[in-house]
Amino acid sequence: MQDEPAAPWYKIRPVIYKSCIYVILWLAASSLSLNYYADYARKDKHASGDLLAAAKTMFCGLKFDKLGEGWNALWDDKSGTHDEEKESPDPTLATIQKAIEQVGKDVRERTHPPQDLPNSLLKILVVIVISWLWFYTFLLKNELKRAYRRWQQARPPFDLAAYRKQEGRRPIALFGLVAPGLLPRRLWRERPVADLVRGSIAWVLGIWSLLPALVFAVAMHAAYEPAVFVMALAAIFVAAEHYSGLTKAEHEIKASTDDLKRTMGIVLDADGLNEWRTEVYDLYGEAKGRIDAVIRIFDIDPEWWKCAGPGDPWDQYRERCKLSSGAGTLLSVLIKSEARVRFVSDQPLEKLVRLRGAAPSERKEFFRALLGLSWNLVVFDMAYQARVRKHVDRKVSRLRIKISRAPAWMHVVDETVYQVIERGSENATVRQLTHSMTDARERQALSGWAKSNVRRFAQRGGRAEEYVFAALRFAAIRAQSSEGQHLPLKQLLDELGMEDYLKEPKGDFLIAPRNVIDQRMNRSVLLSETTAQSLCMAVFDELLRCRLGKNNCFVQGWADPPDLKLQFLLSELI
Amino acid sequence: MRDLDPLVFLARDFWNDVAKISRIATAKVTAPGAALWDVQMQVCQALGNAYPVMVEHLLAYAVELLGLPRMGGGGRNASASSKQTDDFLLRCAQVFELQEHRKLEERDVQTRGDELLMENLAAAWLGLYFLGLPFSHPWEKVRRLADYRGGFPSGACIAKYAGDIYRLARHRMRERTPTGAQAALLPGYTDHDAAVLVLSHTPLILLQDALGFQDQTNVTPSSVHQLGRLYTLLQMMLYLRCDYPVHFFIPISALGQSLRTLAGIPDDPKAAPTNPMRQAYTRVRDSIRPWLFGRMVPTHTGQQTVSLLTLPSDASGMPTCVLGNKTGIYTLESGDSGLHFAGNEINEALLASYRDKLKMLFVLKEDVGRHGPYQLDEDTRIISLLDLNEPTFDDLFRKLFPDL
């Protein structure tokens, strides 16, 4: 596996994308603010000079003397006398008239001008665009900082061969000191001074983004209490800052996980496993030779649980796999890859035999294991059929699952070897054993050993299809179904723990009154119990259909799909 | 029995069930015109209401067996595990005494513990198989144990492995093309690489009596060994019914020895056979043709051959073996070989070597073809039995194995 991407600072696409949006938003916010300002200036006969004059007056009004006065006023309780003074009677008519004028003036000054709809709409639009602009300001800031950091740290890969060649030409390095010029020189962007540039990105962007808001704020002062408006802007600002902080933290966690993986070859915990699955799927897609693995828990693609629409869920799954074009779904990566796949899984017989009296959690666990196994078997069959259709002219590699006791948890994809160590049900460590191996022979030796280890387990075991069929038949015996009757699939699956699984299917999906399927990645899927049950049954139904459809026994009538009898299960077991 | 461990009752029920399954399944498989694909179904029907109970017994005992450690294994948990293994051995002794009125000797308990466990596990697998529940777990443990000790004990385990080779080959052949069996029937289609090759000294394909053969050296009840051979026979017959390629090679000398053994004639050359032995010998010999043509290979295609090797040297240095495409098994056919195993799996390079050796016999066959297959003269090194007509076959066998 190529651990280092060719040139990380080429990851410039998100920067360009965010910059474009930012520029558009800035232009929109500025033009709208200026529009609003123009209206304000025309209607209220304000001149642009007013702004400067007001600023000047404001600054002139700031005096040090007022500090003391304000301080004293803060502590002197004069509220009572103030009220008394105000309420003191003044009998003269002129005074009354003056007071009425004063009241009129106050009312004029303090009430807002009448609002007309176009004007309000414009204001709403400006506020929306400004909030949006600020959110993007912070996102762009993060993106630029990251891009800058990548650029700062990027170096052409150290060419050991060239270095040795150069070294060979030089006489001897004195006292172990390497002559300057041999090692790559320190670039200016690597010096601390360059960090200042990175720090100033936030300021430049921040001030620049304030401009449209400032123009709008000045025009708004007549329409509303400016301080309240500024408070609202500040709230938006804080929200945007927090949002950017969160996304930044997310990126930092991802970056440090990647960093850890690069240096140690380790991915930790259950979320890490999720991440690892994506990585392994990528490897599957590129695998040319073999994939040998010991699997403890068979994953079911999140895409599968989204196939809850009307019609056959497997058709929907196929469609989804086509749309995702080879990313993220097991079927698409297996079709893309040409590798021979051999999985080994341990499914203890004891769990099945003691299932009847087992705790709901154990029953749930058992059913999930069986479901995952069956789901994988169906996908393997589909992938094989697709491979056959793709390469009609030559032999294609098979995909098999064996049931066998395998103490190790190895995952070998061509020459990459992972070892997965479980700690409890939700915690595991994945280590890429071939991570630091630069010698191709060593890698081959390790992967060869791991492959033969998995093969040994596989050879001892039985076919997974047989296991699933036998488990279904065992459930039928326990449920006292008769051989000749139509296969009561739901009853059999309930016997095998489906009910308990559907009560707590967390991890795959959540049960809700109705189906809510979010198309975005990593969002949980909500399914109604009926849909979830029919999806579970569809897995087994498809497995039965595709196995019996192969007509293993050459006995007419045994593989008649419309009436699937219990005794037909034996055709897989003979 | 009242103060016995409840597991003894379970073990007793288990062995009773295995014996019963063995009896019923043998009758179903060997019956004329048996519907082989339905055998499991027929066994279930024959058992009636006892079927679910039997399934529970077998599975419960299988789970117990799966929980047992290796016999005589030391290590950190030696004391705990030795208690478990002692209990198991004691249980076996008690049950075998009850069932077969046969005492497990102290020496067997001490030295053949692993063998006992493996044969118990094989019995569990075989019993479950004929009940239509072939969970691979017991057999997987047998193979694990075989890895530790270097091979399988004589009897059920080796027979089960041989049956698996036919079964695996049948599955693979079916997978090869979408049309499966039909593709193998195409004219001119011969595929020695995919064919199952068998070199047998006591061939089930010729000798029905070999099915019920009782080996006194076995440590477990004969029902399991018979069930094992029945499994091989069933898988062989299913494979033959699918018209998939298979070639059997049988050295004449070994077949003669097998006839004598099955007739109960002792190995000692000085001891003259008694009259019933002589009659048994003739009966076994004369039953070969109806068994071969009537039951084993009713329709003959060029892809399936059964050949006698006239010269022992052609198969020299080769033990009895069943060779599939991916794996094979050999057996030394002798419990007194001094080894603690009687056979083992054959994989990779060894398999290729064994297959090459047997493939060389095809060349002999072509030579004989030019001279005509029915002439038994000094040059004849191989006789293709399926090409013989009825009188020639009988004539040949009377000539090769004259009445005693």
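The model shown is predicted, which means the values in this text are computed figures rather than measured ones.

> How should the overall build of chain B be read in this particular structure?
The helix and strand tally for chain B stands at 15 helices and seven strands. Looking at chain B residue by residue over its 404 residues, the buried ones come to 43%. In chain B, the proportion of contacts linking residues at least 24 apart, taken out of those at least 6 apart, comes to 74%.

> Whenever I open this one, the overall build of chain A confuses me. Can you help?
Looking only at helices and strands, one finds 21 helices and ten strands in chain A. Sorting the 574 residues of chain A into buried and exposed places 30% on the buried side. Put simply, 73% of the contacts in chain A that link residues at least 6 apart link residues at least 24 apart.

> What's the story with the interface of chain A and chain B in this structure? I'm lost.
By a widely used convention, the size of an interface equals the accessible area lost when the partners come together. In this complex, chain A contributes 24 residues to the contact, which on the side of chain B involves 23 residues. Every element with two or more residues in the side of chain A that touches chain B is listed here: helix H14 (349-353), helix H17 (464-478) and helix H21 (570-573) of chain A. Among the elements that take part in the side of chain A that touches chain B, H17 of chain A stands out by supplying six residues, more than any other. Of the residues belonging to the side of chain A that touches chain B, the class tally is 13 nonpolar, five polar and six charged.

> Quick question: what am I supposed to make of the pairing of strand S5 (residues 327-331) of chain B here?
All names here are of chain B. For S5, a buried count of four out of five residues is recorded, marking the element as mostly surrounded by other parts of the structure. Here strand S4 (residues 320-323) pairs with S5 via four bridges, running antiparallel. Opposite leucine 323, over in S5, you have glycine 328 as the bridge partner. From the end of S4 to the start of S5, which pair antiparallel, there are three residues. By the bridge criterion, five bridges tie S5 to strand S6 (residues 343-347) in an arrangement that is antiparallel. Residue pairing in the sheet places isoleucine 329 in a bridge with glutamate 345 of S6.

> Mind showing me how you'd approach the environment of alanine 263 of chain B here?
Its place among the elements puts alanine 263 of chain B in the loop between helix H11 (252-262) and helix H12 (275-286). Leaving out residues up to four positions away in the same chain, alanine 263 of chain B has contacts with Met277, Ala280, Tyr281 and Val284 of chain B.

> Explain the domain arrangement of chain B to me, please; I cannot follow it from the model alone.
Residues and elements named next belong to chain B. Here chain B is described as being made up of domain 1 (1-149) and domain 2 (186-404). Among the elements of the structure, helix H1 (6-30), helix H4 (78-100), helix H6 (113-130) and helix H7 (137-149) are those that each provide at least two residues to the side of domain 1 that touches domain 2. Considering only residue class, the side of domain 1 that touches domain 2 consists of 15 nonpolar, five polar and six charged.

> Where do I start with the pairing of strand S2 (residues 246-251) of chain B in this structure?
For a regular strand, the rule is simple: side chains alternate between the two faces of the sheet. All names here are of chain B. For S2, the tally of buried residues reaches six of six residues, placing the bulk of the element in the interior. Because side chains alternate across S2, one face comprises the buried residues Val246, Phe248 and Ile250, and the other comprises His247, Phe249 and Pro251, equally buried. Looking at chain direction, strand S1 (residues 196-199) and S2 are connected through four bridges and run parallel. By the bridge assignment for S2, valine 198 is matched with phenylalanine 248. For the crossover from S1 across helix H10 (residues 222-241) to S2, the handedness is right-handed.

> Whenever I open this one, helix H12 (residues 313-323) of chain A confuses me. Can you help?
Residues spaced three or four apart along an α-helix point in a common direction, a consequence of the helix completing one turn every 3.6 residues. Residues and elements named next belong to chain A. Buried within H12 are the following residues: Pro313, Trp314, Tyr317 and Cys321. Taken around the axis of H12, the buried residues stretch over an arc of 95 degrees, which confines them to a single face. Projecting away from the buried face of H12 at angles above 90 degrees are the exposed residues Asp315 and Leu323. Contacts made by the buried residues of H12 are with helix H11 (302-305), helix H13 (330-336) and helix H20 (529-548).

> Hey, could you run me through the nonpolar core in this one?
Grouped burial of nonpolar side chains is what soluble globular proteins tend to show. The biggest cluster of nonpolar side chains holds 197 residues, and the ones touching the most others in it are Ala122 and Val196 of chain B. Aside from chain neighbours lying at most four places away, what touches alanine 122 of chain B is Trp139, Val142, Ala156, Cys157, Lys160, Val224 and Gly228 of chain B. By size, the runner-up hydrophobic cluster in this structure holds 24 residues, among which are Val129, Ile130, Leu133 and Leu233 of chain A.

> What am I meant to see in H20 of chain A here?
In this model H20 of chain A runs 28 Å from its N-terminal to its C-terminal C-alpha over 20 residues, within 8% of the 28 Å that 1.5 Å per residue would give. All of the buried residues along H20 of chain A are Thr531, Ala532, Leu535, Cys536, Val539, Phe540, Glu542, Leu543, Leu544, Arg547 and Leu548 of chain A.

> Quick question: what am I supposed to make of the packing of H11 of chain B against H12 of chain B here?
All names here are of chain B. At a minimum axis separation of 8 Å, H11 and H12 run at an interaxial angle of 130 degrees. Viewed along their axes, H11 and H12 adopt a mutual orientation that is oblique. Between H11 and H12 lies a crossing of right-handed hand. Residues Leu259, Arg260 and Leu262 of H11 pack against Tyr281, Val284 and Arg285 of H12. Looking at the contact of H11 with H12 residue by residue, the classes come out as four nonpolar, no polar and two charged.

> Explain the confidence of the model for chain B here, please?
Low pLDDT marks stretches whose predicted atomic positions should not be read closely. Per-residue confidence for chain B gives a mean pLDDT of 84, with 87% of residues at or over 70. Scored as a complex, the prediction yields pTM 0.75 and ipTM 0.92.

> Would you mind going over the sheet that holds S5 of chain B with me for this structure?
Pairing between sheet strands relies on hydrogen bonds along the backbone, with the strands arranged either parallel or antiparallel. All names here are of chain B. Strand order in the open sheet formed by seven strands is S6-S5-S4-S1-S2-S3-S7, with mixed pairing between adjacent strands. Looking at strand neighbours, the two that pair on one side only are S6 and strand S7 (382-384), the edges of this open sheet. Here the strands of the sheet are splayed against their neighbours by 15 degrees on average, with no regard to which way each runs. Taken together, the six bridges between S2 and strand S3 (residues 304-309) define a ladder with parallel strand orientation. Looking at the pairing, isoleucine 250 lines up with leucine 308 of S3. Along the sheet, H11 contacts S2 and S3; its crossing angle with S2, the most-contacted strand, is approximately 75 degrees.

Conventions and cut-offs
Residues numbered from 1 in each chain as written. Chains lettered and ligands numbered in written order. Predicted model: local features only at pLDDT ≥ 70, side-chain atom pairs only at ≥ 80, totals over all residues. Helix = DSSP H or I, 4+ residues; strand = E, 2+ residues; numbered from the N terminus. Buried ≥ 20, exposed ≤ 12 C-beta atoms within 10 Å, placed from the backbone. Contact = placed C-beta atoms within 7 Å. Nonpolar A, V, L, I, M, F, W, Y, C, P; charged D, E, K, R; others polar. Pairing = 2+ DSSP bridges. Domains from an automatic or database assignment. Right-handed = clockwise from strand over helix to strand, strands pointing away. Arc of directions from axis to C-beta. Core = buried A, V, L, I, M, F, W, Y, C linked by C-beta atoms within 7 Å. Expected span 1.5 Å × (residues − 1). Axes fitted to C-alpha atoms, helices over the stretch in contact; angles between N-to-C directions. Parallel < 35°, antiparallel > 145°, perpendicular 65-115°, else oblique. Left-handed = near helix turned anticlockwise from the far one by under 90°. pLDDT = per-residue confidence, 0-100.

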